[in-house]
Amino acid sequence: MNRFRRLRSHVAAHADIYRMGAAAAAAALLVALFILTQPVELRRHNTLLGYFGQLKSDEALLGEAVLQLNFSLSNNYDQVTAIIGRMGATVRQLRQGDDARDLRREAEFQSQLQGLEDRIAGKGDALERFKSRNAVLKNSLIYLPHARDQLVRGLGGGTGVRERVDDLIEYVLLNRLNGALLERGDLDQAIEALQDRTRQLPAAVRQGSETLVRHIRQIDQFERDLPDLVQQLTSHTEDGGLAEAYQRYYDRQQERAVAYRFF
Amino acid sequence: MIYSDWQASRRAPTIPARAEGLVAAEDPIVPIPRSLALDTRKVDLGRRLFGDRRLSADGSVSCATCHNLSTGGVDRRVCSRGIGGREGGINAPTVFNAGFNFRQFWDGRAETLEAQVDGPLQNPAEMGGEWSQAIATISADADYRAAFAAVYPDGITADNVRNAIATFERSLVTPDSRFDRYLRGDAAALSKNELAGYRLFKQIGCTSCHQGMNIGGNMYQKLGIMEDYFVAERARRSEVDQGRFNITKRDEDRHFFKVPSLRNVAVTPPYLHDGSAKTLEDAVSVMARYQLGTELDKADIASIAAFLRTLTGEYEGRRLE
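Quick notes on the rules
Residues numbered from 1 in each chain as written. Chains lettered and ligands numbered in written order. Predicted model: local features only at pLDDT ≥ 70, side-chain atom pairs only at ≥ 80, totals over all residues. Heavy atoms only, no water. Patch = residues over 30% accessible without salt bridge, like charges linked within 9 Å, V, L, I, M, F, W, Y side chains within 5 Å. Areas by Shrake-Rupley, 256 points an atom, 1.4 Å probe, with all protein chains shown as cover. Salt bridge = Lys/Arg side-chain N within 4 Å of Asp/Glu carboxyl O. Helix = DSSP H or I, 4+ residues; strand = E, 2+ residues; numbered from the N terminus. Buried < 20%, exposed > 50% of the residue type's maximum accessible area, 1.4 Å probe, protein only. Polar contact = N/O pair within 3.5 Å; in protein donor to acceptor, adjacent residues only side chain to side chain. Contact = heavy atoms within 4.5 Å. Buried area = accessible area lost by both parts, 1.4 Å probe. Nonpolar A, V, L, I, M, F, W, Y, C, P; charged D, E, K, R; others polar. pLDDT = per-residue confidence, 0-100. Disulfide = S-S within 2.5 Å. Expected span 1.5 Å × (residues − 1). Axes fitted to C-alpha atoms, helices over the stretch in contact; angles between N-to-C directions. Parallel < 35°, antiparallel > 145°, perpendicular 65-115°, else oblique.

Undergrad: What is the right way to read a nonpolar patch on the surface from this model?
TA: Residue and element names in this part refer to chain A. Among the surface-exposed residues, L7, V11 and Y18 lie close enough to one another that they form a single nonpolar patch of about 290 Å² accessible area. Among the structural elements, V11 can be located in helix 1 (residues 2-13). Classification of V11 as partly exposed rests on a relative accessible area of 38%.

Undergrad: What is the right way to look at the side chain of B:T94 in this model?
TA: All names here are of chain B. Checked against the element boundaries, T94 lands in the loop between helix 3 (63-66) and helix 4 (113-122). At 2.6 Å, the side chain of T94 and the backbone oxygen of G72 are in polar contact. Only 3.1 Å separates the side chain of T94 from the backbone nitrogen of F96, close enough to count as a polar contact. When near neighbours in sequence (up to four residues on either side) are disregarded, T94 contacts H67, G72, G73, V74 and T268.

Undergrad: What am I meant to see in the interface of chain A and chain B here?
TA: Tallying the contact residues gives 32 residues for chain A and 34 residues for chain B. When the two sides are added together, the surface that chain A and chain B hide from each other amounts to roughly 2,600 Å², 49% of it contributed by carbon and sulfur. Together, A:N75, A:N139 and A:H146 form the three largest contributors to the area buried by chain A at its contact with chain B, with a combined 18%. At the junction of chain A with chain B, the criterion picks out two salt bridges. Applying the counting rule to chain A against chain B returns 12 residue pairs in polar contact (both at pLDDT 80 or more). Listing elements by their share of the side of chain A that touches chain B, those giving two or more residues are helix 4 (78-96), helix 5 (107-152), helix 6 (161-178) and helix 8 (203-234) of chain A. It is helix 5 of chain A that contributes the most residues to the side of chain A that touches chain B, 17 residues altogether. Here the residues of the side of chain A that touches chain B sort into eight nonpolar, 11 polar and 13 charged.

Undergrad: How should I be thinking about the confidence of the model for chain A in this particular structure?
TA: Scored by pLDDT, chain A comes out at a mean of 87, with 97% of its residues at no less than 70. Here helix 1 of chain A stands out as the element of chain A with the lowest mean pLDDT, 80, in contrast to helix 4 of chain A, whose mean of 95 is the highest.

Undergrad: Teacher, can you tell me more about the state of the cysteines here?
TA: The bond known as a disulfide is covalent and runs between the sulfur atoms of two cysteines. With the rule as written, the count across this model stands at zero disulfides over all chains. The thiol of B:C63 is not disulfide-bonded; the next cysteine sulfur, from B:C66, is found 8.8 Å away.

Undergrad: Explain the confidence of the model for chain B to me, please; I cannot follow it from the model alone.
TA: Interpretation of this model should avoid reading the predicted coordinates in detail wherever pLDDT is low. Residue and element names in this part refer to chain B. Taken as a whole, chain B shows an average pLDDT of 90; of its residues, 91% reach a score of 70 or greater. Per-residue pLDDT stays below 50 along residues 6-24; that stretch engages in 16 contacts with residues further than four places along the chain or on separate chains. For this predicted complex, the interface score ipTM comes out at 0.87, while the overall pTM is 0.85.

Undergrad: Can you help me understand unusual backbone geometry in this one?
TA: Most peptide bonds take the trans form, and the phi angle of most residues other than glycine is negative. All names here are of chain B. Cis geometry is adopted by the peptide bond preceding P270, which originates at P269 and carries an omega value of -10 degrees. Tracing the backbone shows P270 in the loop between strand 2 (256-258) and helix 12 (280-292). Here L272, not a glycine, exhibits a phi torsion of approximately 75 degrees, which is positive. With respect to the helices and strands, the residue L272 is situated in the loop between strand 2 and helix 12. Relative accessible area serves as the criterion here: at 12%, L272 is assigned to the buried category. For E316, which is not glycine, the phi dihedral falls at a positive 50 degrees. With respect to the element layout, E316 can be found in the loop between strand 3 (314-315) and strand 4 (318-319).

Undergrad: Just checking my understanding: could you explain the side chain of A:S140 for this structure?
TA: Residue and element names in this part refer to chain A. When you line up the elements, S140 lands in helix 5. On the basis of relative accessible area, S140 is assigned to the buried category, the value being 0%. A polar atom in the side chain of S140 sits 2.9 Å from the side chain of H215. In this structure S140 touches H215, Q218 and I219, once residues within four positions along its chain are discounted.

Undergrad: What is the right way to look at helix 7 (residues 158-170) of chain B in this model?
TA: An α-helical segment advances 3.6 residues per turn. Residues three or four places apart therefore align on the same side. Helix length check: helix 7 of chain B (13 residues) gives 18 Å between terminal C-alpha atoms against 18 Å at 1.5 Å per residue, within 8%. For helix 7 of chain B, the tally of buried residues reaches 11 of 13 residues, placing the bulk of the element in the interior.

Undergrad: Help me understand the packing of helix 2 (residues 15-37) of chain A against helix 9 (residues 241-261) of chain A, please; the structure alone is not making it clear to me.
TA: The description of two packed helices rests on the angle between their axes and on the distance between the axes. Residue and element names in this part refer to chain A. It is the contact of helix 2 with helix 9, at a shortest axis distance of 7 Å, that shows an interaxial angle of 140 degrees. It follows that helix 2 is oblique to helix 9 by the angle criterion. Counting all contacts with helix 2, which are made through L33, I35, L36 and T37, the residues of helix 9 involved are R256, A257, Y260 and R261. Tallied by class, the residues present in the contact of helix 2 with helix 9 amount to five nonpolar, one polar and two charged.

As structure tokens, then:
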């Protein structure tokens, strides 16, 4: 009894403190409940959806720009460089940006993001190789007629060089028009035929012939490399996994908000 | 030019002549913008930092020492000299229009101008500094403290110093070169010889790599595509000759370098990563031989060099010298 009385008198003496404590606890509970009832902020949600859309759109634009370069419909690399840079910046926003801060604890989202980052880095690598190789290939294709002109300029008749050169160029250009790769054996044979004809001719002719052959070898090499790179650069890396992971996170947040609103 | 003539005759009826006042769609080069929207307070702050020798270990060198704005944004040495007169290993590229480059440094190791700042500041052969020392120096200066507080809520930090310097560097654009005026439709901006040089520049394939807004600076390319430059030209090789390989460690990247911008090239000698080409004519000749597999005669070299001299733009209303 004594103990009970002491407790009652203690509570009576400190009633204000206990009331304040209870009020603070209730307020904290209300704040916690309020937070839990909040869905994902609409502005943030829209920004994140915007990033996913931007990635898809940029990837499509990159593919288109690469195809234009591949088919000589575009003649500078500013656009592809800007697009891949923008894709990297978008991923950085998803990784470090304020709008994605709540997602840093989401394992599934982070794992998808890491995968996407790796794939975009791979695409960036492929793009650099494409740019370097495409530049050399296009240069050699443009230069080929001039290399031919330089070689045959001042060449007397009866050497057979002009005919061999024209055969070689025709073979290279027709194969390109047909979209077919050069047959290595046929190419080597045509080059040997030219070199046989120029062996006994003056140094300037031999040098012209070597230049032409070097350009043809470059064309041959890079026409083999480029299709794979173009394929890689025009395929989709953003398979929707990241957006789906976000959607699942978003749905969970919304469900939780609805559930807690009940309280 | 049998094939070329044939090509021209076939193309003539279908390709319209250059329309006056328009940038020709077929040109691989586009003019640089006349102005950029940048925070002028950051630009001014970055300008001060760029010229501040106190950021170096012994207070003798600033960014502007090697990137002198009155000499084309370079120091015109084969290799720059850092603190204590130490010589670097590579030719300093110009800082003008560096903001248009897709990567920084010859080997492209910095993705942004911000990331680039760390390189010279901490390189023992350049400024030899440390961030802690640089921040302490900047923080001790009342003017800097006020300027940073006005622009950056978190005040003086390494990130903010990087950002201020990079913002200033982004402001270093040089519009209105004669060639840009030509691209914008002023047909009289180039002489006949310069125009012939431009045609030749495209015809022999220079624009395969030197294209876009910065006439380069948007891709990597191997030095020595048609002939091994490092066997033929270089008795002494150095680590920097490996180029991008030093970053990626992939064999296929050996001797690959960022294609340099040709804007203002006439005022930024010497040329190439090793500074081995003393004149524009030397550089054109070396490039033609090793990159394009052709030997140009003197007249062609002079013609291309004449075109390259039209690429000099203006900074703060004055043509670069």
